[in-house]
Amino acid sequence: MKYILHGRSNLISIFNGSHFTLRHYARGYYPTHPAGLSSMPVNRMFFPLKNPNGPENSISDSFRKYELIPGKMYFVPAFLPACFKLDTRLYFLSIQATLEIFPGVELFSGCPHMLELPAPPEFGPLMEIFEVQEPNVQYQNAVRAGGLVHAMLGRMVTYYQPEDFWKPLALRKYADLTDFLNANGNALTSVSDLAAQKKLSRENFTRHFTADTGITPKQLIDRFVTGRCLTLIEQGYSFKEIARRMRFRDEFAFSRYFKRNMGSSPRDWRNRWTGNRPRIGYQP
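None of these values were measured; they are calculated from a predicted model. All residue numbers refer to positions counted from 1 along the written sequence of the respective chain. Whole-chain, interface and lining totals are the exception, using all residues; otherwise, since this is a predicted model, local features are given only for residues with pLDDT of at least 70 and side-chain atom pairs are given and counted only at 80 or more. Excluded from the side-chain calculations are hydrogens and water; all other atoms, namely the structure's heavy atoms, are used.

Colleague: Any chance you could break down the overall build of the protein chain for me, citing the residues and the numbers?
Modeller: Scanning the protein chain from terminus to terminus reveals eleven helices and nine strands. In this setup the radius of gyration rests on C-alpha atoms only. A globule is expected at 2.2 Å times the number of residues raised to 0.38. Here the C-alpha radius of gyration of the protein chain, 20 Å, is about what a compact globule of 284 residues would show, namely 19 Å. In terms of principal-axis extent, the alpha carbons of the protein chain reach across some 70 × 60 × 45 Å. Classification of residues uses two cut-offs on accessible area relative to the type maximum, computed with a 1.4 Å probe and protein chains only: under 20% is buried, over 50% is exposed, and between them is partly exposed. Buried positions account for 46% of the 284 residues belonging to the protein chain. About 14,900 Å² of surface is accessible on the protein chain, with carbon and sulfur atoms providing 54% of the total. For the purpose of counting charges, residues Lys and Arg are taken to be positive, whereas Asp and Glu are taken to be negative. His and the chain ends are not included. For the purpose of locating charges, the reference atoms are NZ of Lys, CZ of Arg, CG of Asp and CD of Glu. Computing the positive centroid from 36 side-chain charges and the negative centroid from 24, the protein chain places the two 3 Å apart. Helix and strand definitions here come from DSSP, where helices need a minimum of 4 consecutive H or I residues and strands a minimum of 2 consecutive E residues; each element is numbered from the N-terminal end. Note that accessible areas follow from Shrake-Rupley with a 1.4 Å probe, and for residues the cover is restricted to the protein chains shown.

Colleague: Can you tell me about the packing of aromatic side chains, naming the residues and giving the values?
Modeller: For this analysis, a ring pair means two rings from Phe, Tyr or Trp (six-membered ring only for Trp) whose centres lie within 6.5 Å, classed as stacked if their planes differ by under 30 degrees, edge-to-face if by over 60, and tilted for the remaining angles. Summed over the entire model, instances satisfying the criterion amount to 18 aromatic pairs. Taking the centre distance of 6.3 Å and the plane angle of 70° together, the rings of Tyr66 and Tyr74 count as edge-to-face. Like Tyr74, Tyr66 is buried. Each member of the aromatic cluster is reached from another via a ring pair, and the members are Phe239, Phe248, Phe254, Tyr257 and Phe258. Taking NZ or CZ as reference, Arg172 lies 4.0 Å from the ring centre of Phe102, over its face. Over the ring of Phe79 we find Arg223; its NZ or CZ atom is 3.6 Å from the centre of that ring. Whether a charge sits over a ring comes down to the Lys NZ or Arg CZ being within 6 Å of the ring centre and within 35 degrees of the ring normal.

Colleague: With reference to specific residues and values, describe unusual backbone geometry.
Modeller: In the Ramachandran plot, Phe79 falls in the positive-phi region, its phi being about 70° despite a non-glycine side chain. Located in the positive-phi region is Arg247, a residue other than glycine, with phi close to 65°. For Arg247, the position within the fold is in the loop between helix H9 (239-245) and helix H10 (251-262).

Here it is, written out as structure tokens:
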């Protein structure tokens, strides 16, 4: 009998070139006061667990308002403007993760709307892992939790249209720029620096880049710098050291930049990352 093996090298190389990061999870009662639509550079998966006040709690995007119903999952893609209205009686689980299809390029960053779905099969096992933190199996549970969240993100791909991913994937045309930012991006990086890499004027480069990708070169720079700052915070560097490494004028300039892009201060973000109780106004 003759056996034929069909190669899958392209699929494998694309998958292995992607980068998944579980950024944060929190469970509890964390009220927020809506202040209009705002975006974050992470994908947010939100699970209402108890909602005694029903329609008083909601998430809105530019298309519609979603009342938060236990048993449902609400998916907010990275960089999509959304407004969270959560009162003191809403009990929820919030998970934040990123999925870069190649360095610095978030796969879901072009998705135009939220999703409301039944809680996926991964939800139950995740709740069990988050419920019990056994020291002797924490590494196994960490791998399981990451795999389950990664699987949920993979499932989200099927609910969007292929064209919703075209703009982020168009950044492959600018791989030299994403590589440059990955290696050298900091608070002093300018649009002119990127234009020089392409040997174009700033105006000509900006026009072509925005038409191809749906974002401005400045937005691309901010996404790289913010992502690098997040990683450094999670690695435990002081804010003063992060400001120095990323070439901010000082740690106050870094804090203002971070809050403008993330919706919370670096200190509040670190408190959430290390498990301290978030303050009022926490963005789930």
